[in-house]
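Observations on the three-dimensional arrangement
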Amino acid sequence: MSFQGQNCIPSSFANDSENFRRRLLAIDSQLGDKEVEQLKFLCQDFISQKKLEKSSSALDVFDHLMAKELLSEQDPFFLAELLYTMKQHLLLKYLSYRKEQVRSLLPTLKKLSPFRNLLYELSESIDTDILKEMSFIVKESLPKVQLTSLSFLGYLEKQALIDTDNLTLLENLCSSAAPNLVEKIKIYKREKEAKQRQLQDNKVAAFKGCVPVVEEANGGPKEEILSGSDVQQLLQALPFCNSAVSKFGPGFPGVLPSSKEEAAYRMDHKHRGHCVVINNQNFTSLRKRQGTQKDADCLKHVFQWLGFLVHTHVDVTKPQLEELLKMYQNHPGHAEGDCFVFCVLTHGKYGAVYSSDGDLIPIKYITSHFTAHQCRGLANKPKLFFIQACQGEEIQSSVCVEVDAVNAESTHPPLQDCVPVEADFLLGLATVPGYVSFRHTTEGSWYIQSLCNYLKDCVPRHQDILTILTAVNDDVSRRGDIEKKQMPQPVFTLRKKVIFPVPQKELLLW
């Protein structure tokens, strides 16, 4: 939506696409480095960090916004909102807006989140002296580069030290260095709580659409006031509302949120997250793992379907694995994701896996890179590790079935030692301690194939990951015969349920 203001745009600017870009060029010419930094900061919720880091001008940002269909000749309001927030009111004329028009439209058309607006407002009040004091308090957490108030706040957010639901650190910093800014944070928190109460009230009000109203004497409707206990009783008593729950699920208007939803990890960030697959097939001193490519393909197919960015690495040596662990430990994309998945397909022995050059890598060494202390971007987010490797002694089997064990130990430390003591970890092992895991030379491993199949079948039913892994345990335990059995085992420190949103696209058979 746009307004054609009189005498707002130079007469040389026509209303075609070419001249719209000329207007954007005119805006760019009047924005300096400071304003470009502000623009990039405000766009963090809409454009990936990687793209923003590579953007050296406002024109680069405009291109990304147009690619995301957030900016066009027909609807330039988001850019108008950005310029208004940056107090670049004179530049609104190039978009056929006036300051008053933008202000009046913001309540219904705004796209910037209250959290983003709060950080921006705070940055404007953080001068050099305040920034110096704040930086001194959290010095060990900061990079050794010169920071502006915006880049300082952006770095805290990138490292998951602050977010829309966690402003404790920021409030403490303001209390120490700029007490006058604390009130802004308190106002944000009060408004956020009020909005959440309003949403809850709206759900109850929508539910009450299932309840007959009482007619007043004058013929007008009178809304019935229901207590919380009344609502719960009616949920059980009204056939229509119960059928709505079963048919449409807890997101159906009028259906109160369940404890199942409340006890689940957030799955509403910009991205689902990254999924890393280490697929070791060829080794310098160990036998080739035939059939592992089938597993790698299935994992890639299913986790892409679930919304993850899947990265497959083949025949990874120990030095390469160490580099990969450091890279994903410090990956900036974690801050924008819901979850992290790390899959290892290789030979193994109890509590460890083999690199392609024959070195034994403790599983705990892998998982320890992603604790909240080591990887701030994954703090309070589920970290799922799936290991297809034997955890015990090698056994002989038929021609088409192999095992992934190498020289197992006879005694074993507790399996829990493989998982950091910190919360939010899940380790899915293909087999219990001391035993082999089976892999078909053409059809892939029992465990990974079952995991992929049950993810495909159970995610659309809103089942959580532990329920899915329990089904995988049952399925794998039924395979083989009396002489060849396998029992997977999950170990976890999850605090909530991991429930992946149902993908919108259908998963095609592979």
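Residues numbered from 1 in each chain as written. Predicted model: local features only at pLDDT ≥ 70, side-chain atom pairs only at ≥ 80, totals over all residues. Heavy atoms only, no water.

The name given to the chain in an unreviewed UniProt entry is Caspase-10 isoform X1, with Phyllostomus discolor as the source organism.

**Looking at the overall build of the chain**
Each helix and strand in the chain was counted, giving 19 helices and 14 strands. Per-residue burial over the chain gives 47% buried out of 510 residues. Restricting the contact set of the chain to residue pairs at least 6 apart, pairs at least 24 apart contribute 73%. Roughly 25700 Å² of accessible area belongs to the chain as shown, and the carbon and sulfur atoms make up 51% of that amount. (Helix = DSSP H or I, 4+ residues; strand = E, 2+ residues; numbered from the N terminus. Buried < 20%, exposed > 50% of the residue type's maximum accessible area, 1.4 Å probe, protein only. Contact = heavy atoms within 4.5 Å. Areas by Shrake-Rupley, 256 points an atom, 1.4 Å probe, with all protein chains shown as cover.)

**Some thoughts on the nonpolar core**
Ranked by size, the top nonpolar core spans 65 residues in total, and within it I27, F62, L65, L79, L82, F152 and L170 carry the most contacts. Looking at this core, you find at least three residues from each of domain 1 (18-112) and domain 2 (117-206). With residues up to four places along the chain from it excluded, the contact list for L79 reads L24, I27, F62, L71 and L95. Core analysis: the next-biggest nonpolar cluster, separate from the first, contains 37 residues, C343, F386, W446 and L451 among them. (Core = buried A, V, L, I, M, F, W, Y, C linked by side-chain atoms within 4.5 Å. Domains from an automatic or database assignment.)

**Re the packing of helix 7 (residues 114-125) against helix 9 (residues 149-158)**
For the pair helix 7 and helix 9, the least separation of the axes is 9 Å and the interaxial angle reads 140°. Classified by the interaxial angle, the pair formed by helix 7 and helix 9 is oblique. The handedness of the crossing between helix 7 and helix 9 comes out as right-handed. Along the contact surface, helix 7 presents F115, R116, L119, Y120, L122 and S123, while helix 9 presents S149, L150, L153 and E157. In terms of residue class, the contact of helix 7 with helix 9 is made up of six nonpolar, two polar and two charged. (Axes fitted to C-alpha atoms, helices over the stretch in contact; angles between N-to-C directions. Parallel < 35°, antiparallel > 145°, perpendicular 65-115°, else oblique. Left-handed = near helix turned anticlockwise from the far one by under 90°. Nonpolar A, V, L, I, M, F, W, Y, C, P; charged D, E, K, R; others polar.)

**Considerations on the packing of helix 2 (residues 33-42) against helix 7**
For the pair helix 2 and helix 7, interaxial distance at closest approach is 10 Å and the crossing angle is 155°. Overall, the two elements helix 2 and helix 7 adopt an arrangement that is roughly antiparallel. Every pair of crossing elements has a handedness; the one defined by helix 2 and helix 7 is right-handed. Contacts between helix 2 and helix 7 involve Q38, F41 and L42 from the first element and R116, L119 and Y120 from the second. Taken together, the residues that form the contact of helix 2 with helix 7 break down as four nonpolar, one polar and one charged.

**A short note on the sheet that holds strand 9 (residues 383-388)**
Taken in spatial order, the six strands make up an open sheet running 4-3-5-9-11-14, and their pairing is mixed. Each end of this open sheet is capped by a strand with a single partner; those strands are strand 4 (308-314) and strand 14 (489-492). Strand-to-strand twist across the sheet, computed as the mean angle between neighbouring axes with direction ignored, equals 15°. Relative to strand 11 (residues 425-429), strand 9 runs parallel, the two sharing five bridges. Along strand 11, the bridge assignment pairs K383 with F425. The sheet contacts of helix 18 (residues 446-458) involve strand 5 (337-345), strand 9 and strand 11, and relative to strand 9 the element is tilted by about 140°. (Pairing = 2+ DSSP bridges.)

**Considerations on the sheet that holds strand 7 (residues 352-354)**
Pairing is antiparallel in the open sheet, where three strands are placed in the order 6-7-8. Single-partner strands in this sheet number two, and they are strand 6 (348-349) and strand 8 (360-362). Across two bridges, strand 6 lies against strand 7 in antiparallel orientation. What sits directly across from G348, in strand 7, is V353.

**What to know about unusual backbone geometry**
Notably, S96 is not glycine yet its phi reads approximately 65°, a positive angle. Along the polypeptide, S96 turns up in the loop between helix 5 (77-85) and helix 6 (99-109). Overall, S96 belongs to the buried group, its relative accessible area being 4%. Non-glycine residue H462 carries a positive phi angle of around 65°. Relative to the helices and strands, H462 is located in the loop between helix 18 and helix 19 (465-477).

**Re the environment of G358**
Inspection of the secondary structure assignment puts G358 in the loop between strand 7 and strand 8. Sequence separation between G358 and F283 is 75 residues, and the spatial gap between their C-alpha atoms is 6.7 Å. Look past the residues within four positions of G358 in its chain and what remains in contact with it is T284 and S285.

**Focus on the pairing of strand 9**
Counting buried residues along strand 9, six of its six residues qualify, which places the element largely inside the surrounding structure. Neither face of strand 9 is exposed, since K383, F385 and I387 on one face and L384, F386 and Q388 on the opposite face are all buried.

**Details of the pattern of salt bridges**
Under the definition given, this model contains 14 salt bridges. For R21, the salt bridge is made with D63, and the minimal N-O distance between the two is 3.6 Å. On the criterion of sequence distance, the pair formed by R21 in helix 1 (residues 17-29) and D63 in helix 4 (residues 58-67) is long-range, its members being 42 residues apart. Residue D63 is classed as partly exposed on the basis of its relative accessible area, which comes to 38%. For K189, the salt bridge goes to E171, with nearest N and O atoms at 3.1 Å. In this pair, K189 is assigned in helix 11 (residues 182-207) and E171 in helix 10 (residues 168-177), connecting sequence segments 18 residues apart. Look at E171 and you get buried, because its relative accessible area is 15%. Three or more residues are tied together by salt bridges with common partners; here these are D165, K192, R266 and D268. (Salt bridge = Lys/Arg side-chain N within 4 Å of Asp/Glu carboxyl O.)

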